[in-house]
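As a plain string of letters, each chain reads:
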Amino acid sequence: MSRVITVGAAQLGPIQKEHTREEVVQRLLALLRQAHTSNCDLVVFPELALTTFFPRWFLDNITDADHWYETAMPSPVTQPLFDEAKKLGIGFCLGYAELTDDGRRFNTQILVEKDGSVVAKYRKVHIPGHETNEPDRPFQHAERYYFEPSMEGFGVWNAFGSRMGMMICNDRRWPETYRVMGLQGVEMILCGYNTPIHYVPDPSQDILQGFHNALVMQSGAYQNGTWVIGVAKGGVEEGVDSLGQSMIVAPSGQIVAQAFTTDDELITARCDLDWCRRYTGTLFDFDKYRRPEVYGRITSQRGVVID
Ligand code: ING
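Notes on the structure in this doc start here. (Residues numbered from 1 in each chain as written. Predicted model: local features only at pLDDT ≥ 70, side-chain atom pairs only at ≥ 80, totals over all residues. Heavy atoms only, no water.)

As for the side chain of glutamine 140
Where we set the bar: Put simply, DSSP H or I for four residues or longer makes a helix, DSSP E for two residues or longer makes a strand, and each gets a number counted from the N terminus. Whether a residue is buried, partly exposed or exposed follows from its accessible area with a 1.4 Å probe, protein chains only, as a fraction of its type maximum: under 20%, in between, or over 50%, in that order. Counting of polar contacts relies on pairs of N or O atoms within 3.5 Å, with two restrictions inside protein: one atom must be capable of donating a hydrogen and the other of accepting it, and residues adjacent in sequence are counted only when both atoms are side-chain atoms. The contact definition used throughout considers only heavy atoms, calling two residues in contact when any of these lie within 4.5 Å.
Considering the arrangement of structural elements, one finds glutamine 140 in the loop between strand E5 (118-123) and helix H3 (143-146). Judged by relative accessible area, which is 6%, glutamine 140 ranks as buried. Of the polar contacts made by the side chain of glutamine 140, one reaches the backbone oxygen of glutamate 134; its length is 2.7 Å. When sequence neighbours within four positions are dropped, the list of residues in contact with glutamine 140 reads Pro55, Arg56, Trp57, Phe58, His130, Thr132, Asn133, Glu134 and Pro135.

Dropping the structure here:
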């Protein structure tokens, strides 16, 4: 009996500063209902899916940014999403900014099962960008000011009849992300992202954003024999053009579905989880072929060491 999950990647177009959470939740509900007509079991929403990508502005007093964070999940404004998903029998993955009771700030994703229960919470490990104001930039990418890096690492949970993991945006660029989950038998990795086209430190990468986005998720999927669901918040958000190209990638590394627009757009695929074993049981049989005894530098070093 094959294990198939019908997955919806629910890409969002821009969320402008003046868009309220209520308005955004209505957009999420529309995508959820579309997913229901496509018989989806699971819908994946982007990173920071409830608000505009606020790290593009640097606020000297960080508490002036508190309103961009969620202090409860669900909260009265997001409860309708939980209620509708449960009614439709669809699980979902949602990215948001988390402000904890003890004042800690994380870039967070949760995984909600079909019965409405929150089965997992992931907090972003790799925080890109900068931590101080850089006024010469055309826009800030001050994630290292607004979010602390998680020390919890990458988990894999039993959900939707599969081994399911999560990563957020910049995490997808680091091979360790996929391998740590691969070593836990992950079969599907859910990833939201907000990726500006313009990369201030090296504008030569701008034209390659789409290529790099696909490159890292196809590689990670193939090298770990896992499905990867990458979901963008794209389009021109507060004047910043951001990548769309949400995609569903098979364990073979093949892109089986890809978004056409940079707006709200649902793409779906029937994901056969037993496809994973075609790779993890042969070419990438970790227990047979990996050589951790010679990989020591990967965990003992942060940066380059020239001996
Ligand atoms: N965004 C980016 C990402 O890794 C970035 C950081 C921006 C990289 C622009 C390259 C170009 O996709 C987040 N939110 O991590």
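Some thoughts on the site of the ligand
The test is simple: Here a residue is considered near a molecule or strand provided that any single heavy atom belonging to it is located within 4 Å of it. Methods summary: accessible areas were calculated by the Shrake-Rupley approach with a probe of 1.4 Å, and residue burial reflects only the protein chains presented. Cavities and pockets are found on a 1 Å grid laid over the protein atoms alone: a cavity is a set of points where a 1.4 Å probe fits but cannot escape, a pocket is an open set with protein on both sides within 12 Å along at least five of seven lines, and a lining residue has an atom within 4 Å of such a point. Each molecule is checked against the cavity or pocket grid, and it sits inside if more than half of its atoms lie within 2 Å of the grid points. Amino acids are sorted into nonpolar (Ala, Val, Leu, Ile, Met, Phe, Trp, Tyr, Cys and Pro), charged (Asp, Glu, Lys and Arg) and polar (every other residue, Gly among them).
Inspection of the region around the ligand gives 15 residues, with Glu143, Cys169, Asn170, Arg173 and Thr195 positioned closest. Taking glutamate 143, its side chain carries an N or O atom lying 2.7 Å from a nitrogen atom of the ligand. Take asparagine 194: an N or O atom from its main chain is 3.0 Å from a nitrogen atom of the ligand. Protein coverage of the free-state accessible area of the ligand, which is 370 Å², stands at 96%. In this structure, the ligand is accommodated by the second largest pocket. Among the residues making up the shell around the ligand, the classes are represented as five nonpolar, five polar and five charged.

Notes on the pattern of salt bridges
What counts is decided by this rule: By definition here, a salt bridge exists when the distance from a side-chain nitrogen of Lys or Arg to a carboxyl oxygen of Asp or Glu is within 4 Å.
Summed over the entire model, instances satisfying the criterion amount to 20 salt bridges. Linking glutamate 187 and arginine 3 is a salt bridge whose minimum nitrogen-to-oxygen distance equals 2.6 Å. Within this pair, whereas glutamate 187 is found in the loop between helix H4 (175-182) and strand E8 (188-193), its partner arginine 3 is found in the segment before strand E1 (4-11), the two being separated by 184 residues in sequence. In this structure arginine 3 comes out as partly exposed when scored by relative accessible area, which is 29%. We note a salt bridge from arginine 3 to aspartate 274, for which the minimum N-O separation is 3.1 Å. Placement of the pair is arginine 3 in the segment before E1 and aspartate 274 in the loop between strand E14 (265-272) and helix H6 (277-280), with a sequence separation of 271 residues.

Remarks on helix H5 (residues 209-224)
Note the threshold: Take the number of residues in a helix, subtract one, and multiply by 1.5 Å to get its expected span.
The end-to-end C-alpha distance of H5, which contains 16 residues, comes to 23 Å, matching closely the 22 Å that a straight helix rising 1.5 Å per residue would cover. Among all positions of H5, only Gln209, Gly210, His212, Asn213, Ala214, Val216, Met217, Gly220, Ala221 and Asn224 are buried. A positive phi of about 55° marks glycine 225, the residue just after H5.

Quick look at the packing of aromatic side chains
Put simply, the rule reads: Aromatic contacts are taken between Phe, Tyr and Trp rings whose centres are within 6.5 Å, Trp giving its six-membered ring; a plane angle under 30 degrees counts as stacked, one over 60 as edge-to-face, and the others as tilted. Here, a charge over a ring means that NZ of Lys or CZ of Arg falls within 6 Å of the ring centre while also lying within 35 degrees of the ring normal.
Evaluation of the coordinates by the stated rule reveals 14 aromatic pairs. Aromatic pair phenylalanine 58 and tyrosine 145: ring centres 4.1 Å apart, planes at 25°, arrangement stacked. Within this pair, whereas phenylalanine 58 is found in the loop between strand E2 (42-44) and helix H2 (79-88), its partner tyrosine 145 is found in helix H3, the two being separated by 87 residues in sequence. The residues phenylalanine 58 and tyrosine 145 share a single accessibility class, namely buried. By way of ring pairs, the aromatic residues Phe54, Trp57, Phe58, Trp68, Tyr69, Tyr145, Tyr146 and Phe147 are connected into one cluster. Note that arginine 56 overlies the ring of tryptophan 57, its terminal NZ or CZ placed 5.5 Å from the centroid.

Overview of the sheet that holds strand E12 (residues 247-249)
Two orientations exist for strands paired in a sheet by backbone hydrogen bonds: parallel and antiparallel. So the rule is basically this: DSSP-based pairing: two strands are paired if at least 2 bridges between them are found. Angles run from 0 to 180 degrees between N-to-C directions of axes, and those axes are lines fitted to C-alpha atoms, restricted for helices to the stretch in contact.
Taking strand neighbours across the sheet as the criterion, the six strands line up as E6-E7-E8-E9-E12-E13 in an open arrangement whose pairing is mixed. Sheet topology places strand E6 (156-159) and strand E13 (255-258) at the edges, where each strand pairs with a single neighbour. Sheet twist, expressed as the average angle between the axes of neighbouring strands with direction ignored, equals 20°. As defined by bridge partners, E12 adjoins E13 across three bridges and the pair is classed as antiparallel. Paired with methionine 247 across the two strands is glutamine 258, which belongs to E13. Across the sheet, H4 lies against E6, strand E7 (162-168), E8 and strand E9 (227-232), angled at about 160° from E7, the strand it touches most. Across the sheet, H5 is in contact with E8, E9, E12 and E13; its angle to E12 comes to roughly 25°.

Digging into unusual backbone geometry
For the peptide bond that leads from methionine 73 to proline 74, omega is 5°, which places it in the cis range. Mapped onto the elements, proline 74 comes out in the loop between E2 and H2. In this model, glutamate 238 sits at a positive phi of 50°, which is unusual for a non-glycine residue. In this fold, glutamate 238 is placed in the loop between strand E10 (235-237) and strand E11 (240-242). Taking the relative accessible area as the measure of exposure, glutamate 238 reaches 30% and is therefore partly exposed.

With respect to the sheet that holds E14
Judged by pairing direction, the sheet is mixed, and its six strands sit side by side in the order E5-E4-E3-E2-E1-E14 without closing on themselves. Two strands lie at the open edges of the sheet, namely E5 and E14, each paired on one side alone. Across the sheet, the mean angle from the axis of one strand to that of its neighbour is 25°, orientation sign disregarded. With respect to the sheet, helix H1 (residues 21-37) is in contact with E1, E2, strand E3 (91-99) and E14, its orientation differing from that of E14 by roughly 40°. Across the sheet, H2 touches E3, strand E4 (105-112) and E5, and the angle it forms with E3 is around 165°.

Geometric descriptors of this kind do not, in isolation, establish any biological role.
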